[in-house]
Amino acid sequence: MTEVVAALIREGDRFMICRRPAHKARGLLWEFVGGKVEPGETKQQALRRECQEELAVTVRVEEEFAQVTHTYPDLTVHLTLFWASIEAGTPQKLEHEDIRWITAGEIDQYEFCPADLEILEKIKAYHG
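Thresholds, definitions, all that
Residues numbered from 1 in each chain as written. Predicted model: local features only at pLDDT ≥ 70, side-chain atom pairs only at ≥ 80, totals over all residues. Heavy atoms only, no water. Core = buried A, V, L, I, M, F, W, Y, C linked by side-chain atoms within 4.5 Å. Buried < 20%, exposed > 50% of the residue type's maximum accessible area, 1.4 Å probe, protein only. Helix = DSSP H or I, 4+ residues; strand = E, 2+ residues; numbered from the N terminus. Contact = heavy atoms within 4.5 Å. Pairing = 2+ DSSP bridges.

## Considering the nonpolar core
If you look at the biggest cluster of nonpolar residues, it comprises 26 residues, and the most contacted ones within it are Phe32, Ile119 and Ile123. Of all the secondary-structure elements, those providing two or more residues to this core are strand 1 (2-11), strand 2 (14-19), strand 5 (58-71), strand 6 (76-88) and helix 2 (117-127). If one sorts the elements of this core by residue count, strand 6 sits on top with four residues. Here isoleucine 119 is in contact with Phe32, Phe65, Ala66, Val68, Leu79 and Leu81, once residues within four sequence places are set aside.

Here's what the structure looks like:
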């Protein structure tokens, strides 16, 4: 199983989603910024590193929002999503096709990675 972390980055009533590049697995689907936890890293350290690598921002990792395990045809991920906020920098598309700030009410307008669907329902309920 692959340990993965992601950030639920908030700005007011909106949160950030990122669109995967076309050439990657699950290309052009939307997701939360994040990635794999490397050996020797805590989940929080991994998330700070991934946000720096993918968005060129420094984030403050806050409390855990959700955990989900999902099996794709090519791998099984255990995803931990943390609340996070940007401490420094302006998000840049270093690894993503697009970046959007959306509200919970706009979730259904986007096609997300299957592992995120359970989490998105929790976000809708949280903001319901």
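## Side note on the pairing of strand 1
Note: strand 1 against strand 6, eight bridges, orientation parallel. The residue bridging valine 5 from the neighbouring strand is threonine 80, located in strand 6. Across three bridges, the pairing between strand 1 and strand 4 (residues 34-36) is antiparallel. In the sheet register, valine 5 faces strand 4, and the bridge partner there is glycine 35. The pairing of strand 1 with strand 2 spans two bridges and is antiparallel. Following the sheet pairing, arginine 10 is matched in strand 2 by phenylalanine 15. In textbook terms, the turn of a hairpin is the stretch between consecutive antiparallel strands, and for strand 1 and strand 2 this stretch comprises two residues, one of which, glycine 12, has a positive phi near 65°.

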